Amino acid sequence: MRRSWWPGLCKSDTTVFPEVTATSRHYVDRLFDPDPQKVLQGVIDMKNAVIGNNKQKANLIVLGAVPRLLYLLQQSSSSLELRTECAVVLGSLAMGTENNIKSLVDCHIIPALLQGLLCPDLVFIEACLRCLRTVFISPVTPVQLLYTDPTVIPHLMSLLSRSQRTQEYITQIFSHCCKTPEHQTVLFNHGAIQNIAPLLTSPSYKVRMQALKCFSVLAYENTQVSMTLVNVLVDGELLSQVFVRMMQRDQTIEMQLTAAKCLTYMCRAGSIRTDDSCVVLKTLPCLVRMCSKEHLLEERVEGAETLAYLMEPDVELQRIASTTDHLVAMLADYFKYPSSVSAITDIKRLDHDLKHAHELRQAAFKLYASLGSNDEDIRKKLLQNAPDEVLVMASSTLCNLLLEFSPSKEPILESGVIELLCSLTQSDSPALRVNGIWALMNMAFQADQKVKVEIVRCLGTEQLFRLLSDPDANVLMKTLGLLRNLLSTRPHIDQIMSSHGKQIMQAVTLILEAEHSTEVKEQTLCILANIADGNTAKDLIMTNDDTLQKIKYYMGHSNVKLQLAATFCISNLIWNEEDGSQERQDKLREMGFVDILHKLTQASDANLSDSQGRSEFFSF
């Protein structure tokens, strides 16, 4: 009777485990005892039972413990000790699985705990904050819940002075919940800088570290925050100098890296000059140091990505970095990990290492691209100093990272990698030329127009057509693949052909006339079919009788693949629903294409005979 109200009050995706169900029910039943002392003891026993026991945590959540604990926590009639113990148990439940967190959030734990912060008792406040911290650092918690009530942020700011624990928990909550420029503005407007800056000199390492993380997320791509930070004094010392001290080698790697990120973000936001000694002599060397193989994989990834971001727009920083501590050689190691998968017997470690191996390579590409994004001399020196086998391995991996469906594609594109890849296409090594053009081909696949235009601009038409006559068949095939991907979607086709149509048609004609494999000629005819699909680009084919005769020749070729590709060109040219289709049909009829199409209906190959059906539809 007394429990009829609580099952189903909050959703849970967890499953009840039969072996602990009986004891779990006993714990929950004790929460409803009319004797307050027995309830308190029941909560304390529950606290001890759930420590390190995810099955017990899951069962208690499914059996409705959370709504009852929240009810007891919010009752003014509950003793402070009971309310505090309830917050502690809820915090322990939050340390289980992501499903646990979802269930707690669905039960409205966040507003209940935030309300609890209004209580004057410090021990209870710390218990609520500890639980809130655990909930908010989970990736499944909507961070916007921190900003729903406009009174929450200023109240949290006021609690910073209560104890080292409140400082640690609140700054950690802020650093995890500051995800957007709007969040940065809210925290800034409520005095985050002046309230958190003194914490950088706290005797507690945890407080200093969380305060530092706060500044890194506040300053990221935020000019207003960065311009304010540069003038802040902490115990009479400029904040930038505090960050410099935190990058010293006697500090933890975590602190060095985060301090370097703070200065990097301030520099990129324009509050610190790129030639300032704290950038050139402190931040840049610190980040280069983080790239060495003596550090953990995660640290190397973070160091490389931050360094790439720091120097991306500045040629002088790129020059300095390229000559600092054998950086290029260090990056080469990023592509050699893991060196021996078979030597790793721990499956969890293998999964972790393979994941970070991918991140290592991606970080190295960003850094390589950033190093060579603005200066041709640096780019050449990269290419010359790195061993060929490393460049081959790196560029081969990049081909996969740049596939359309890869999550790596966007951040790599933003890092200026196009110039680096275009440089690879000029290498004396056929393998590097193949990988360079292959990666560009993948980059152009389903890309937007600005990416395609940038590829053509960086590669240059001379180099593009030089690659189309490359003696290596693989280079030629990948260059044709690039051209085919560039010439996809009508606006892109028309735009590129309006600028480079004459040269492209010449190159296509030369390939179709020369001695090449069936695969090369098929790819070339597919490029023509794409051109034929353009609105204005198709005129370049229709006004070129030599090209039309070649298409006609391949429609009658003995190879079915070449016949199909050639027929598809004609199909695109005579499509009824487009302007000028009748005139194009008339010209092609005069040139004898109808007879060939009728012959194709008798072809033994089903694909070939079916392909003519589309042309029959057009009153041709």
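Every chain's residues receive numbers from 1 upward, in the order its sequence appears when written. The predicted origin of the model limits local features to residues at a pLDDT of at least 70 and limits the giving and counting of side-chain atom pairs to 80 or more, whereas totals for whole chains, interfaces and linings rest on all residues. The side-chain values count all of the structure's non-hydrogen atoms but skip hydrogen atoms and water molecules.

A. Looking closely at the overall build of the protein chain. Within the protein chain one finds 37 helices and 2 strands. Type-normalised accessible area, obtained with a 1.4 Å probe on protein chains alone, sets the label of each residue: buried when under 20%, exposed when over 50%, and partly exposed for intermediate values. Residue burial in the protein chain is summarised as follows: out of 620 residues, 55% are buried. Across the protein chain, the fraction of contacts at a sequence separation of at least 24, relative to all contacts at a separation of at least 6, is 69%. Residue burial considers only the protein chains on display, and all accessible areas are found by Shrake-Rupley using a 1.4 Å probe. Of the roughly 27,600 Å² that the protein chain leaves accessible, carbon and sulfur atoms contribute 52%. We count a stretch as a helix when DSSP gives it H or I for four or more residues in a row; a strand needs E for two or more, and each element gets its number in order from the N terminus. Any two residues whose heavy atoms approach within 4.5 Å are treated as being in contact.

B. Quick look at the packing of aromatic side chains. Ring pairs are drawn from Phe, Tyr and Trp, using the six-membered ring of Trp, whenever the two centres fall within 6.5 Å, and their geometry is named by plane angle: stacked under 30 degrees, edge-to-face over 60, tilted for the rest. Evaluation of the coordinates by the stated rule reveals 5 aromatic pairs. Between Y220 and Y309, the aromatic rings sit 5.8 Å apart at their centres with planes inclined by 40 degrees, giving tilted as the arrangement. One end of the pair, Y220, is in the loop between α13 (205–219) and α14 (223–229); the other, Y309, is in helix α18 (residues 297–311), with 89 residues separating them in the sequence. These aromatic residues form a ring-pair network of at least three members: Y220, Y265 and Y309. Criterion for a charge above a ring: Arg CZ or Lys NZ at most 6 Å from the ring centre, at most 35 degrees from the ring normal. Here K478 stacks its cationic end above the ring of W438, 4.5 Å away from the centre of that ring.

C. Quick look at the UniProt feature "repeat: ARM" (unreviewed entry) in the protein chain. UniProt positions are given in the numbering used here, feature names are shortened, and annotations may be inferred rather than shown by experiment. Here the UniProt feature "repeat: ARM" (unreviewed entry) sits at residues 64–100 and 459–501. Across residues 64–100, helical content stands at 76% and strand content at 0%; the span's end C-alpha atoms are separated by 12 Å.

D. The arrangement of the packing of helix α15 (residues 239–246) against helix α16 (residues 253–268) in detail. Think of each axis as a best-fit line through the C-alpha atoms, taken over the contacting stretch in the case of a helix, with angles from 0 to 180 degrees between the N-to-C directions. The contact between α15 and α16 brings their axes to 8 Å, and the two run at 145 degrees. Note on packing geometry: the crossing formed by α15 with α16 is left-handed. Counting all contacts with α15, which are made through S240, F243, V244 and M246, the residues of α16 involved are M255, Q256, A259, C262, L263 and M266. Class assignment for the residues of the contact of α15 with α16 results in 8 nonpolar, 2 polar and no charged. The handedness criterion is simple: a crossing whose near helix is rotated anticlockwise from the far helix by less than a right angle is left-handed, and one whose near helix is rotated clockwise is right-handed. Residues are grouped as follows: Ala, Val, Leu, Ile, Met, Phe, Trp, Tyr, Cys and Pro are nonpolar; Asp, Glu, Lys and Arg are charged; all remaining types, including Gly, are polar.

E. Just helix α34 (residues 560–573), in detail. For α34, built from 14 residues, the straight-helix expectation of 20 Å at 1.5 Å per residue is met to within 8% by its first-to-last C-alpha distance of 20 Å. Listed in full, the buried residues belonging to α34 are L562, Q563, A565, A566, T567, C569, I570, S571, N572 and L573. Polar contacts, as counted here, are pairs of nitrogen or oxygen atoms within 3.5 Å of one another; within protein the pair requires one atom able to donate a hydrogen and one able to accept it, and residues that are adjacent in sequence qualify only if both atoms are side-chain atoms. Where α34 begins, the capping side chain belongs to N559, and its oxygen is found 2.9 Å from the backbone nitrogen of K561. Helix span, expected: 1.5 Å multiplied by one less than the number of residues in the helix.

F. Spatial organisation of the environment of E302. Its place among the elements puts E302 in helix α18. The sequence separation of E302 and T258 amounts to 44 residues, and the corresponding C-alpha distance is 9.5 Å. Residues within four places of E302 in sequence aside, it is in contact with L257 and K261. A distance of 2.7 Å separates the side chain of E302 from the side chain of K261, its partner in a polar contact.

G. Broad picture of the environment of T324. With respect to the helices, strands and loops of the structure, T324 is situated in the loop between α19 (315–322) and α20 (327–334). For T324, a relative accessible area of 15% gives the class buried. Placed 36 residues apart in sequence, T324 and V288 show a C-alpha to C-alpha distance of 7.5 Å. In contact with T324, other than residues within four places in its own chain, are L284 and V288.

H. Seen up close, empty space enclosed by the protein. For each structure, a 1 Å grid was placed over the protein atoms alone; sets of points admitting a 1.4 Å probe that cannot get out are labelled cavities, open sets with protein on both sides within 12 Å along at least five of seven lines are labelled pockets, and lining residues have an atom within 4 Å of a point. Grid points are joined across faces, edges and corners, and a volume is the space filled by probe spheres set on the points. Scanning the entire structure with this criterion turns up 2 cavities of 30 Å³ or more. Quantified by volume, the second largest cavity comes out at close to 40 Å³. What lines the second largest cavity is simply V456, T461, L464, F465, L483, L486, I496, H500 and I504. Elements represented by at least two residues in the lining of the second largest cavity include exactly α28 (461–467), α29 (473–486) and α30 (490–513). For the lining of the second largest cavity, a count of residues per class yields 7 nonpolar, 2 polar and no charged. Both domain 2 (387–488) and domain 3 (491–619) contribute no fewer than three residues apiece to the lining of the second largest cavity. Start and end points for every domain follow an automatic or database-based domain assignment.

I. Structural view of α29. For α29, spanning 14 residues, the distance from its first C-alpha to its last is 20 Å, which sits close to the expected 20 Å at 1.5 Å a residue. Across the 14 residues of α29, 10 count as buried, placing the element largely inside the fold. Those residues of α29 not exposed but buried are V475, L476, K478, T479, L480, G481, L482, L483, N485 and L486. As for α29, its buried residues are in contact with α26 (430–444), α27 (449–459), α28, α30 and α31 (518–532). Put simply, D472 is the residue that caps the front of α29, since its side-chain oxygen is 2.9 Å from the backbone nitrogen of N474.

J. Molecular detail of the layout of surface pockets. The space that makes up the largest pocket amounts to roughly 980 Å³. Lining the largest pocket are 31 residues; nearest its centre among them are Y220, K261, Y265, E305 and T306. Going through the elements one at a time, α11 (181–189), α13, α16, α18, α21 (347–371) and α24 (409–414) are the ones with two or more residues in the lining of the largest pocket. Its residues assigned to classes, the lining of the largest pocket shows 10 nonpolar, 8 polar and 13 charged.

K. A look at the pattern of salt bridges. Just to be clear on terms, a salt bridge is a Lys or Arg side-chain nitrogen sitting within 4 Å of an Asp or Glu carboxyl oxygen. For the structure shown, the criterion picks out 18 salt bridges. Taking the shortest distance from any N to any O, the salt bridge between K213 and E254 comes out at 3.0 Å. Within this pair, whereas K213 is found in helix α13, its partner E254 is found in helix α16, the two being separated by 41 residues in sequence. On the basis of relative accessibility, which here comes to 26%, the residue K213 falls in the partly exposed class. Among the salt bridges present, the one from R589 reaches D586, with a minimum N-O distance of 3.0 Å. Here R589 and its partner D586 are both found in helix α35 (residues 581–590), 3 residues apart, which amounts to about one turn of the helix. Here the salt bridges share partners, and the residues they tie into one network are E513, D546 and K550.

L. Molecular detail of unusual backbone geometry. One non-glycine residue, E221, lies in the positive phi region at around 50 degrees. Of note, E221 is situated in the loop between α13 and α14. On the accessibility criterion, E221 (54% relative accessible area) is exposed. The phi dihedral of D235 is positive, around 55 degrees, even though this residue is not glycine. Considering the arrangement of structural elements, one finds D235 in the loop between β1 (233–234) and β2 (237–238). On the accessibility criterion, D235 (69% relative accessible area) is exposed.

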